[in-house]
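Topology and contacts: notes
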Amino acid sequence: MSTPKTAKKPDEGRLAQVLVAPIISEKATRIAEKQNQVLFKVLRNATKPEIKAAVELMFKVEVASVQTVNQMGKTKRFGRSIGRRDHVKKAYVCLKPGQELNFSGEAA
């Protein structure tokens, strides 16, 4: 017998930690202009509902959908030793039409 999913509200302390940093690159800018999406680096164990709730709470915008990508860290050499960059989870957050996100800190 399957149990019904209950919509559990994540606490605000957890939501404040979910978004690590916005990703600002040429690709991110192009995606923002064409598809009205914003890229974030998020915690590796963050779920899509948590990411959606965190963006809506912190930026006061409406989120249409969230897509995530787990990016494995590259193997790099430092002289003789071999190291590895950290694994990263990225979130593509699609905003509803008419919504806009401003990182510059100015009030819109």
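Preceding block: the structure.
One structure accompanies this document, and this report is about it. Note that the coordinates shown come from a computational prediction; the quantities given were computed from them, not determined experimentally. (Residues numbered from 1 in each chain as written. Predicted model: local features only at pLDDT ≥ 70, side-chain atom pairs only at ≥ 80, totals over all residues. Heavy atoms only, no water.)

As for its placement among the helices and strands, Q37 is situated in strand β2 (residues 37–42). A polar contact is formed between the side chain of Q37 and the side chain of Q67, at a distance of 3.4 Å. Aside from chain neighbours lying at most four places away, what touches Q37 is I31, A32, Q67, Y92, V93 and C94. (Helix = DSSP H or I, 4+ residues; strand = E, 2+ residues; numbered from the N terminus. Polar contact = N/O pair within 3.5 Å; in protein donor to acceptor, adjacent residues only side chain to side chain. Contact = heavy atoms within 4.5 Å.)

Here we take up the sheet that holds strand β1 (residues 19–22). Across the sheet, four strands lie side by side as β1-β2-β6-β3; this open sheet has antiparallel pairing. At either margin of the open sheet sits one strand with a lone partner, and together these are β1 and β3 (63–71). Across the sheet, the mean angle separating the axes of adjacent strands is 30° when strand polarity is ignored. Together, β2 and β6 (88–95) form the strand contacts of helix α2 (residues 26–35), whose direction differs from that of β2 by roughly 140°. (Pairing = 2+ DSSP bridges. Axes fitted to C-alpha atoms, helices over the stretch in contact; angles between N-to-C directions.)

This part is about the nonpolar core. Counting residues in hydrophobic clusters, the biggest one holds 17 residues, and the most contacted among them are L19, F40, I51, V55 and V93. Counting residues per element, the ones that place at least two in this core are α1 (12–18), β2, α3 (48–59), β3 and β6. Ranked by size, the runner-up nonpolar core spans five residues in total, among them I23, A28, L39 and Y92. (Core = buried A, V, L, I, M, F, W, Y, C linked by side-chain atoms within 4.5 Å. Buried < 20%, exposed > 50% of the residue type's maximum accessible area, 1.4 Å probe, protein only.)

Time to look at the pattern of salt bridges. Applying the stated criterion to the full structure yields two salt bridges. Where R14 meets E50, a salt bridge forms, and the shortest distance between an N and an O atom there is 3.0 Å. With a gap of 36 residues between them, R14 in helix α1 and E50 in helix α3 connect regions that are remote in the sequence. As a salt-bridge pair, E62 and K96 come within 3.6 Å of each other at their nearest N and O atoms. One end of the pair, E62, is in the loop between α3 and β3; the other, K96, is in the segment after β6, with 34 residues separating them in the sequence. (Salt bridge = Lys/Arg side-chain N within 4 Å of Asp/Glu carboxyl O.)

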